[in-house]
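Here's the letter readout for the chains.
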Amino acid sequence: MEKICVAVRVRPPVSQDVSNGGTFWKVDDNRISLHKLHGTPISGVSYAFDHVFDEGCTNSRVYELLTKDIIHAAVEGFNGTAFAYGQTSSGKTFTMNGSEKDPGIIHRAVRDVFDRIQMISHREFLIRVSYMEIYNEEINDLFAVENQKLQIHESLERGIFVAGLREEIVSNAEQVLKLIESGEVNRHFGETNMNARSSRSHTIFRMVIESNAKDTSSSIDAIRVSVLNLVDLAGSERIAKTGAGGVRLKEGKYINKSLMILGNVINKLSDGAKNRGHIPYRDSKLTRILQPALGGNAKTSIICTIAPEEVHIEETKGTLQFASRAKRITNCAQVNEILTDAALLKRQKQEIEELRKKLQGSHAGVLEQEVLKLRNDLLQYELEREKLEMELEEQRKSHKQREQCIRDQQIQIDNLGSLSTTSDLDRSSSQAQDSGRQSLKEDGDDSYSKSQGDLFRTPSLKAVPHSFVVKRSNYSPVPGFSPLPDSFSNVVDEDTWFKMNKGFVADLDSLQMTPSRTVQSFPPCDETAGSKENYKQEVQNLKRQLELSIEERDDLMRKHAEQVVLNDRLVAEISELQNEAQLIREIPQRLSECAATCKDIYVDVLSKTQSFISDEKASAAKLVSSISEIGTSLFTTLETHFSVAFGEGQRSFSETSSLIQEQREVLSERLNNTIKLLVSSERPSIENEQVRTSLCSCEHKGCPTGGENACWKEKLSNELITVKERYHGLEEELDSNNQLLEKSKQRYDALEAEFQLLKEERDSLHKIVSESSQTLALATDQKENVLKDLNNEVLRRKDLEEKIKQFSVAFGCRKTSLMSFHSEFKSKIESLRAKNSASVPKSAGC
Ligand SMILES: Nc1ncnc2c1ncn2[C@@H]1O[C@H](COP(=O)(O)OP(=O)(O)OP(=O)(O)O)[C@@H](O)[C@H]1O
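About the criteria used
Residues numbered from 1 in each chain as written. Predicted model: local features only at pLDDT ≥ 70, side-chain atom pairs only at ≥ 80, totals over all residues. UniProt positions renumbered as here; feature names shortened; annotations may be inferred. Contact = placed C-beta atoms within 7 Å. Helix = DSSP H or I, 4+ residues; strand = E, 2+ residues; numbered from the N terminus. Buried ≥ 20, exposed ≤ 12 C-beta atoms within 10 Å, placed from the backbone. Expected span 1.5 Å × (residues − 1). Arc of directions from axis to C-beta. Pairing = 2+ DSSP bridges. Axes fitted to C-alpha atoms, helices over the stretch in contact; angles between N-to-C directions. Near = placed C-beta within 6 Å. Nonpolar A, V, L, I, M, F, W, Y, C, P; charged D, E, K, R; others polar.

### Side note on the UniProt feature "binding site: ATP" (unreviewed entry) in the protein chain
Move 1: Taking the UniProt record as the reference, the feature "binding site: ATP" (unreviewed entry) is found at Gly86, Gln87, Thr88, Ser89, Ser90, Gly91, Lys92 and Thr93.
Move 2: Excluding anything up to four places from it in sequence, Thr88 contacts Thr192, Met194, Asn195, Ser198, Gly235, Ser236, Glu237 and Thr242.
Move 3: One can find Thr93 in helix H2 (residues 92–97).
Move 4: The buried category is assigned to Thr93, around which 23 C-beta atoms lie within 10 Å.
Move 5: Setting aside chain neighbours within four positions, we find Thr93 in contact with Ser199 and Asp232.

Quick look at the structure:
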């Protein structure tokens with residue numbers, strides 16, 4: 001976790017009257033405070049940040065201190081965001097874009113990224129750049145003006161992304177700077193009372209940096225992908241000051257609203273994880289796009305620009321408060337890696353190997369780690385499942401689209417049929433139809449190319465030499481746009497077609513022509529002769545789509561098989577865990593057996609000791625029998641408690657411990673009593689010389705009674721001390737055994753719970769996998785149906801084509817016969833006319 005880096009930059013004053021009201025902002029190291037004119041600080045208006053840059057500070061210094069680290073980290077695979085916030089005209093654009101003499105952060109970052117890449121020789125890189133603006137809450141592409149009102153989407157693989165945004169693959173800084181320059185032209189600027197060139201939109205310049213190790217043989221083949229956002233926000237403004245009206249006013253409202261939402265998000269995030277509640281990222285496009293940078297997986301820096309003039313004091317305080325809150329936000333940046341399947345396998349193998357080694361070492365710790373690992377695996381499993389679901393959803397969508405496509409083709413075929421029927425209508429309007437068709441064709445061509453542009457746009461990729469670069473540049477994990485037509489608004493509809501043909505009979509010659517129709521996914525059909533080509537193309541397209549679907553299906557099946565393998569492994573690991581749990585369950589039983597054996601040995605040793613003492617009434621015999629009794633009792637208690645604690649499992653462990661404690665106290669009292677009794681009852685009148693001899697050391701043999709007695713006492717007390725020590729030893733042993741038991745029980749319970757949880761999770765995973773398989777089977781069925789439909793479609797088309805050919809031939813014949821009839825008729829009329837004119841003078845003469 002790391003805090004967002006926040007800095008404040010004071011712009012140079014525009015006018016001289018910076019403090020005509022008697023206050024001014026003073027910068028002191030990393031602190032900025034408001035002072036009275038004579039120098040006294042105003043209490044409560046003093047703020048400290050990571051950096052405070054005064055009026056004389058250059059963009060170069062700002063870059064070095066604030067942004068450079070983020071840029072370098074981005075090259076290493078961390079997401080990074082740097083943005084400028086502040087009131088209008090406070091110097092945000094100046095900071096981000098800079099001037100010719102002192103280039104801004106964006107310019108420097110671009111150069112730095114490429115310099116850095118040059119220095120990293122063991123990796124190869126692919127850089128993509130995009131540039132967008134949020135103008136009046138609409139996202140526009142600054143690299144492609146036609147890409148307007150773009151939508152934000154979120155996917156598991158790509159996170160939050162803007163669909164349809166053009167990404168250019170670039171290979172050097174100059175290329176990027178040129179692109180930025182071209183993008184700047186499309187940006188919305190406007191004049192206000194506060195700034196002659198005020199940004200009316202938030203702009204986000206984005207670099208996606210992908211890299212992988214050149215030598216993949218030794219390390220794991222992971223691709224690092226990081227996103228670097230450089231953001232120039234529009235400035236908050238007071239309408240009274242900017243004098244905005246009309247368009248400017250509308251823009252100002254949108255700007256202020258989105259900045260307010262940004263403020264809300266910052267406020268919530270600064271409350272700390274416990275109190276923050278829901279973060280309203282979705283309330284504006286800006287916060288949604290910046291979501292990873294605010295409290296997410298990114299290294300972030302904010303530069304808050306302020307105007308030093310006293311007239312802006314309230315806005316400046318507002319900016320400084322925003323900055324103070326932002327300072328409290330923590331992010332959690334980590335290197336973003338995409339693992340290929342092979343790499344994943346390699347990594348998992350390594351992990352298993354490590355686990356195995358650990359298992360051979362410390363047993364208990366490893367068990368816990370294994371449980372954790374299992375949990376992580378399950379989580380990963382869950383993620384995989386989600387991904388699979390998403391893919392299935394995508395597939396379902398594409399199925400729908402394909403069905404729609406088939407339906408539309410059906411309409412086309414029907415229209416072709418209607419073409420043949422309408423051809424019998426009045427011939428006199430054929431010219432009008434011609435012109436109508438012409439315009440339709442033109443419109444169609446136009447809209448076709450436009451629609452092609454809309455629907456099939458791909459990021460303009462440029463060839464880059466390295467294989468990694470080429471491979472990655474073709475890689476589009478989740479397209480930001482559908483590869484299939486999703487709207488048919490520019491397809492000439494049935495009504496239009498009939499309107500165009502109503503009351504007209506087609507020229508027989510032109511009947512060879514198929515009316516121009518625009519279909520989004522296929523090129524327009526202009527002529528019947530060309531229609532065959534078009535059909536072929538259509539069929540090709542459909543085939544391609546089908547192949548794609550089959551590939552998708554295969555991919556899904558492969559993933560499913562992987563899931564099954566993973567699941568099997570999980571099951572094996574769970575059974576291993578079960579064995580461990582069984583072992584732990586057996587521990588008390590073994591302990592109890594051990595205690596019984598110890599007891600037997602103890603009793604045996606003591607009975608042997610007793611056999612050496614001939615006089616049963618002698619104090620040594622009493623002592624030994626008492627010790628024997630106590631020891632036996634202790635062992636029995638130990639055994640009982642083992643069985644109570646683990647065998648029956650009804651009494652709680654603490655209850656058992658307190659029983660042991662009670663027992664210990666009773667025994668201790670008994671031992672003390674016996675010792676006291678022995679000490680008081682034993683006198684020099686001890687009769688049994690044998691006992692005395694056994695207790696007294698050799699040097700006191702035959703010594704006077706008093707000396708002998710003292711010696712005996714000393715020996716006895718030594719013996720007592722030893723017994724006491726042994727007793728304490730036993731007590732300690734008992735305690736440690738109790739503790740061990742307690743720990744074992746706790747661990748056993750935890751493992752039992754863990755095991756139960758894992759079992760449940762495994763069951764639910766089983767369920768999910770079987771559901772997924774069903775869905776997969778369903779999808780496969782659907783695909784097969786579509787395939788059948790397609791084949792039928794192709795056959796029908798061929799049939800239709802044949803019919804049209806026959807039809808054309810028939811019409812050709814009819815036309816020829818009509819022509820001959822017409823010429824015959826004409827010649828007859830001519831001859832009649834000639835006859836008539838020849839007969840007229842005669843009749844006139846008559
Ligand atoms: N540190 C600076 N040094 C020199 N000139 C500066 C500095 N900061 C800002 N300016 C100048 O102040 C003017 C306003 O700055 P700029 O356009 O960057 O403000 P802005 O915060 O981006 O405003 P808006 O939010 O309205 O777009 C510009 O003419 C710019 O050159």
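### Here we look at helix H8 (residues 313–326)
Move 1: An ideal rise of 1.5 Å per residue puts 20 Å on 14 residues; H8 measures up with 20 Å between its terminal C-alpha atoms.
Move 2: Those residues of H8 not exposed but buried are Glu315, Thr316, Thr319, Leu320, Phe322, Ala323 and Ala326. The buried residues of H8 occupy one face: seen down the axis, they fall within an arc of 155 degrees.
Move 3: The inward-facing, buried residues of H8 contact strand E2 (5–10), strand E5 (41–48), strand E7 (80–86), helix H6 (246–270) and strand E17 (299–306).

### Considerations on the pairing of strand E16 (residues 222–232)
It is a general feature of regular strands that their side chains alternate between the two faces of the sheet.
Move 1: With 10 of 11 residues buried, E16 lies mostly within the body of the structure.
Move 2: Here E7 runs beside E16; their pairing, made up of 5 bridges, is parallel. Its bridge partner being in E16, Gly80 is matched across the sheet by Leu228.
Move 3: Summarising the sheet, strand E15 (residues 202–213) and E16 pair through 10 bridges and their orientation is antiparallel. Paired with Phe205 across the two strands is Leu230, which belongs to E16.

### Notes on the sheet that holds strand E3 (residues 23–28)
Move 1: Spatially, 3 strands are ordered E3-E4-E5 in an open sheet, and the strand pairing comes out antiparallel. On the outer flanks of this sheet lie E3 and E5, each paired with one strand and no other. Across the sheet, the mean angle from the axis of one strand to that of its neighbour is 25 degrees, orientation sign disregarded.
Move 2: Looking at chain direction, strand E4 (residues 31–36) and E5 are connected through 4 bridges and run antiparallel. The residue bridging His35 from the neighbouring strand is Pro41, located in E5.

### Considering the site of the ligand
Move 1: Near the ligand you find 17 residues, and of these Gly91, Thr93, Ser198, Ser199 and Gly235 are the closest.
Move 2: Where the shell around the ligand is concerned, the elements lending two or more residues are H2 and strand E14 (198–199).
Move 3: The biggest single contributor to the shell around the ligand is H2, with 3 residues.
Move 4: Per-class residue counts for the shell around the ligand are 3 nonpolar, 11 polar and 3 charged.

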